[in-house]
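This is what each chain is made of:
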Amino acid sequence: MRNSIINSNTLKNSGKGIYIYSSNYNNLTNVNAINNTDDGVMLQSSTYNILKNVQSINNSQETIYIKSGSDYNTIQDSTIRECSLDKTRACIAIEESAYNTIKNVHLINASNTLILFTASTGSAANHNSIVDSSLINASLRYIYFQRGSGLGTANFLNTTFLNTTYSSVTFDNDAIFQLLRQWYLEVYVNGSDGAAINGVTIDAYNSSGSLILSATTGTDGWITRQILTEYIYNGNS
């Protein structure tokens, strides 16, 4: 399967819902996964797929499982709730895959973990991004970076959470991490008469006093939206 469009599917009271293996550039839209005992949607060795408007409730294992070499996929505009009911899994799992984007996705009420990143030793799950999303109420973990079996280390580099809310992150030992937490900055300038002011330069500095951005307002009084990094966590600081 390649360049396919799957629209308006309900996966209910079944095992695994949709399994895409070694298939690229597909679009899955308006997928409803309800009361399934296995994964709702699994991508394995598949790239450049888009999953949009996935609505899910009461699935025992992963609602979305991005597995083993599935890179450059996008999950967006979705709500997943009451998930990972068997208490050993996650609502969304990304295993040994890179450059995937989760955007405007809301994960609510996990019996175990809301988002799981996992990699066996000697492998990686790098450069994944979670954007404009919310993670609400996990019984065990909100975000879990899990090192697989074997000797050596697993890599989880450049994992970015942009404008995304969550309460905690759990890291396994013997892994290399780099987590970036970022937020949007929007600035508007107007005069005492309420009119927008064009051409105002806005400078921002970090806590050390270093300049981190400089932007100028346009005719509408706004600067171009900026991205600020709150912190970078590398496993030690």
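All values reported here derive from a predicted model rather than from experimental measurement. The residue numbers shown here count from 1 along each chain, following its written sequence. In keeping with the predicted nature of the model, local features appear solely for residues at pLDDT of at least 70, side-chain atom pairs appear and are counted solely at 80 or more, and the whole-chain, interface and lining totals rest on all residues. Hydrogen atoms and water are omitted, and side-chain values are computed over all heavy atoms in the structure.

Structural notes on a nonpolar patch on the surface
Patch definition: residues with relative accessible area over 30% and no salt bridge; like charges joined within 9 Å; nonpolar side chains (Val, Leu, Ile, Met, Phe, Trp, Tyr) joined within 5 Å. Where accessible areas are quoted, they stem from the Shrake-Rupley method and a 1.4 Å probe; at the residue level, only the protein chains shown are allowed to cover. The salt bridge criterion pairs a side-chain nitrogen of Lys or Arg with a carboxyl oxygen of Asp or Glu, the two atoms within 4 Å. A grouping of Tyr25, Tyr48, Tyr72 and Tyr99 is seen on the molecular surface, where their side chains present a nonpolar patch of about 400 Å² in accessible area. Topologically, Tyr25 is positioned in the loop between β2 (18-21) and β3 (27-34). We call a residue buried when its accessible area falls under 20% of the maximum for its residue type, exposed when it is over 50%, and partly exposed in between, using a 1.4 Å probe and counting protein chains only. Tyr25 sits in the partly exposed class, given a relative accessible area of 36%. Strands here are runs of E lasting at least two residues and helices are runs of H or I lasting at least four, both read from the DSSP assignment and numbered beginning at the N terminus.

Points about unusual backbone geometry
Positive phi, close to 60 degrees, is recorded for Tyr99, a residue that is not glycine. Considering the arrangement of structural elements, one finds Tyr99 in the loop between β8 (90-95) and β9 (101-110). Unusually for a residue other than glycine, Asn109 sits at a positive phi of about 70 degrees. Its location among the elements puts Asn109 in strand β9.

Remarks on the sheet that holds strand β6 (residues 64-67)
Here, a strand pair is defined by DSSP locating no fewer than two bridges between the strands. Spatially, the seven strands line up as an open sheet ordered β2-β4-β6-β8-β10-β13-β15, and their pairing is parallel. The open sheet is flanked by β2 and β15 (169-171), the only strands paired with a single partner. If you compare each strand with its neighbour and ignore which way they point, the axes differ by 10 degrees on average. Pairing of β8 with strand β10 (residues 113-119), which is carried by five bridges, proceeds in the parallel orientation. Bridging from a neighbouring strand, Glu95 pairs with Thr118 of β10. Between N-to-C directions, angles cover 0 to 180 degrees, with each direction set by a line fitted to C-alpha atoms, over the stretch in contact for helices.

Thoughts on the pairing of strand β17 (residues 201-205)
Burial along β17 is one-sided: Ile202 and Ala204 are buried, and none of Thr201, Asp203 and Tyr205, which face the opposite way, are. Two elements, β17 and strand β18 (residues 211-216), share five bridges in a ladder whose sense is antiparallel. Bridge assignment links Ala204 to a residue of β18, and that residue is Leu213. If you look at the hairpin formed by β17 and β18, you'll find five residues sitting between the two strands, and Gly209 has a positive phi there, around 90 degrees.

Considerations on the environment of Ser22
Note on placement: Ser22 falls in the loop between β2 and β3. Ser22 sits 22 residues away from Gln44 along the chain, and the two C-alpha atoms are 6.3 Å apart. Once residues lying within four places of it in the same chain are set aside, the contact partners of Ser22 are Gln44, Ser45 and Ser46. Note on definitions: a residue-residue contact is assigned when non-hydrogen atoms from the two residues lie within 4.5 Å.

Details of the packing of aromatic side chains
Side-chain rings of Phe, Tyr and Trp, where Trp is taken by its six-membered ring, are said to pair if the distance between their centres is within 6.5 Å; with planes under 30 degrees apart they count as stacked, over 60 as edge-to-face, and otherwise as tilted. In this structure the tally under the stated criterion is 14 aromatic pairs. Ring plane angle 0 degrees and centroid distance 5.0 Å describe the contact between Tyr25 and Tyr48, whose orientation is recorded as stacked. Taken together, the residues Tyr25 in the loop between β2 and β3 and Tyr48 in the loop between β4 (41-44) and β5 (50-59) connect sequence positions 23 residues apart. The exposure class assigned to Tyr48 is partly exposed, which follows from its relative accessible area of 38%. An angle of 10 degrees between the planes, with centres 4.8 Å apart, marks the rings of Phe117 and Phe145 as stacked. Taken together, the residues Phe117 in strand β10 and Phe145 in strand β13 (residues 141-147) connect sequence positions 28 residues apart. Grouping residues by exposure puts Phe117 and Phe145 together as buried. One aromatic cluster in this structure is built from Phe117, Phe145, Phe156, Phe161, Tyr166, Phe171, Phe177 and Tyr233. The rule for a charge over a ring is simple: NZ of Lys or CZ of Arg within 6 Å of the ring centre, and within 35 degrees of the ring normal. Positioned over the ring face of Tyr166 is Arg181, at 3.9 Å from the centre of the ring. Positioned above the aromatic ring of Tyr184, the side-chain terminus of Arg225 is 3.9 Å from the ring centre.

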